Amino acid sequence: EAQVTQNPRYLITVTGKKLTVTCSQNMNHEYMSWYRQDPGLGLRQIYYSMNVEVTDKGDVPEGYKVSRKEKRNFPLILESPSPNQTSLYFCASSLEGSNTEAFFGQGTRLTVV
Amino acid sequence: AQSVTQLGSHVSVSEGALVLLRCNYSSSVPPYLFWYVQYPNQGLQLLLKYTSAATLVKGINGFEAEFKKSETSFHLTKPSAHMSDAAEYFCAVSEGFGNEKLTFGTGTRLTIIP
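Per chain, residues are indexed from 1 in the order of the written sequence. The order in which chains are written sets their letters, starting at A; the order in which ligands are written sets their numbers, starting at 1. Local features are withheld for residues below a pLDDT of 70 in this predicted model, meaning they are given only at 70 or higher, and side-chain atom pairs are given and counted only at 80 or more; totals for whole chains, interfaces and linings count all residues. For side-chain calculations, the full set of non-hydrogen atoms in the structure is used, while hydrogens and water are omitted.

J.: Run through the overall build of chain B, naming residues and quoting values.
T.: Within chain B, the secondary structure is distributed over zero helices and twelve strands. Helices and strands appear in chain B in the N-to-C order β-β-β-β-β-β-β-β-β-β-β-β. The atom set for the radius of gyration is the C-alpha atoms, and the globule formula is 2.2 Å times the number of residues raised to the power 0.38. Over its C-alpha atoms chain B spans a radius of gyration of 14 Å, differing by no more than 12% from the 13 Å that the globule rule assigns to 114 residues. For chain B, the spread of C-alpha atoms along the principal axes amounts to about 45 × 30 × 20 Å. Only protein chains enter the calculation, and the probe is 1.4 Å; a residue is then buried if its accessible area is under 20% of its type maximum, exposed if over 50%, and partly exposed in between. Looking at chain B as a whole, 47% of its 114 residues qualify as buried. For this analysis, residues touch if any pair of their heavy atoms sits within 4.5 Å. Of the contacts made within chain B by residues no fewer than 6 positions apart, 56% connect residues no fewer than 24 positions apart. Charge-centre separation for chain B: the mean point of 8 positive side chains lies 2 Å from the mean point of 8 negative side chains. Counting from the N terminus, the helices are DSSP H or I runs at least four residues long and the strands are E runs at least two residues long. We score Asp and Glu as negative and Lys and Arg as positive, and we do not count His or the chain ends. Where a charge lies is defined by one atom per residue type: Lys uses NZ, Arg uses CZ, Asp uses CG and Glu uses CD.

Rendered as structure tokens:
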């Protein structure tokens, strides 16, 4: 089954404790991206990647890191999480770029206390 | 810079009535425009996409949207609302080819009144 898989689905952590949210897709898509969803703000793009070793900032990259060492994986790293990063996070992949259909994961609800 | 404005964070319509969700965009180049739907506790899924082939775009579940360049709009419509249409709807814009950001609007929550 074609899918985007995020782990974990739920995470509660403390301020400053490094964490990684994993994202994997099995569709051989070139484009992958991360979003955060907050009430009243919609989805805001954090980072995106056009292909292996090619990443770029979205609209809200501060406090986040990403890497794209393999085509299928695009982990999101919070090196020193803060409470304002409490949010619902989505990973998505597209065949070629942002102008093609995005397939979304189920989301990761992160709480930073 | 590209942007999207969705007017109305909440829209309520009666079952069987017309659904109209509004989206206006800003882009420095001819845009790619999308409508996505999010059901509770799920990720987003594509309803329809505009890529300049035709100004009236038909999507899944009876939805359609019309691209109007003069009004910089891409409103989503459905002639007759069904209870299963209750969800949150997001409009998104991409300029593509050199600017690979995908920008979403703030969303419109659609409630269907029985």
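J.: Explain the state of the cysteines to me, and be specific about the residues and the numbers.
T.: Residue and element names in this part refer to chain A. Cysteine sulfur atoms are paired as a disulfide whenever they fall within 2.5 Å. Tallied over the full model, the rule gives two disulfides over all chains. Note on cysteine connectivity: C23 is disulfide-linked to C91, with sulfurs 1.8 Å apart. Classification of the bridge connecting C23 and C91 rests on its S-S torsion, roughly -75°, and on that basis the disulfide is left-handed. Of this pair, C23 sits in strand 3 (residues 19-25) while C91 sits in strand 9 (residues 87-94), and the two are 68 residues apart along the sequence. Classification of C23 by relative accessible area gives buried; the value is 2%.

J.: Tell me about the packing of aromatic side chains, residues and numbers included.
T.: Here is the rule: rings of Phe, Tyr and Trp (six-membered ring for Trp) pair when centre to centre is within 6.5 Å. Planes less than 30 degrees apart are stacked, more than 60 are edge-to-face, and the remainder are tilted. Within this structure, the stated rule accounts for 14 aromatic pairs over all chains. On the basis of an interplanar angle of 75° and a centroid distance of 6.2 Å, the ring pair of F104 of chain A and F104 of chain B is categorised as edge-to-face. Of the two residues, F104 of chain A sits in strand 10 (residues 102-104) while F104 of chain B sits in strand 11 (residues 99-104), which places them in two different chains. Classification of F104 of chain A by relative accessible area gives buried; the value is 10%.

J.: How would you summarise the pattern of salt bridges if you had to cite specific residues and measurements?
T.: For salt bridges, the criterion is a side-chain nitrogen of Lys or Arg within 4 Å of an Asp or Glu carboxyl oxygen. This model, assessed by the stated rule, comprises seven salt bridges over all chains. A salt bridge links D85 of chain B to K78 of chain B, with the nearest nitrogen and oxygen atoms 2.8 Å apart. Three or more residues are tied together by salt bridges with common partners; here these are R36, D38 and R44 of chain A.

J.: How would you summarise the nonpolar core if you had to cite specific residues and measurements?
T.: Think of a nonpolar core as a cluster: buried Ala, Val, Leu, Ile, Met, Phe, Trp, Tyr and Cys residues, connected wherever their side-chain atoms sit within 4.5 Å. W35, L48, F74, L76 and Y89 of chain B are the most contacted members of the largest nonpolar core, which totals 27 residues. Listed by contribution, the elements that provide at least two residues to this core are strand 2 (10-14), strand 3 (19-21), strand 5 (32-38), strand 6 (44-50), strand 8 (64-68), strand 9 (73-78), strand 10 (87-96) and strand 12 (108-113) of chain B. Looking at which element gives the most residues to this core, the answer is strand 10 of chain B, with four residues. With sequence-adjacent residues up to four places away left out, F74 of chain B is seen in contact with C23, L33, F34, W35, L48, Y50, V57, A65, E66 and F67 of chain B. Among the nonpolar cores identified, the runner-up in size contains 19 residues, and C23, M27, W34 and L78 of chain A belong to it.

J.: Report on the interface of chain A and chain B, specifying residues and quantitative values.
T.: Counting residues at the interface gives 24 residues for chain A and 23 residues for chain B. At the junction of chain A with chain B, the criterion picks out one salt bridge. K101 of chain B is the partner of D59 of chain A in a salt bridge, and the nearest nitrogen-oxygen pair spans 3.3 Å. For the purposes of these results, a polar contact is taken to be a pair of N or O atoms within 3.5 Å, where, inside protein, one atom must be able to donate a hydrogen and its partner to accept one; residues adjacent in sequence count only when each atom of the pair is a side-chain atom. There are eight residue pairs in polar contact (both at pLDDT 80 or more) connecting chain A and chain B. Elements with a minimum of two residues in the side of chain A that touches chain B: strand 4 (31-38), strand 5 (42-51) and strand 10 of chain A. The dominant element in the side of chain A that touches chain B, judged by the number of residues it contributes, is strand 5 of chain A, at five residues. Think of it as three bins: nonpolar holds Ala, Val, Leu, Ile, Met, Phe, Trp, Tyr, Cys and Pro, charged holds Asp, Glu, Lys and Arg, and polar takes everything else, Gly as well. When grouped by side-chain class, the residues that make up the side of chain A that touches chain B number nine nonpolar, eleven polar and four charged.

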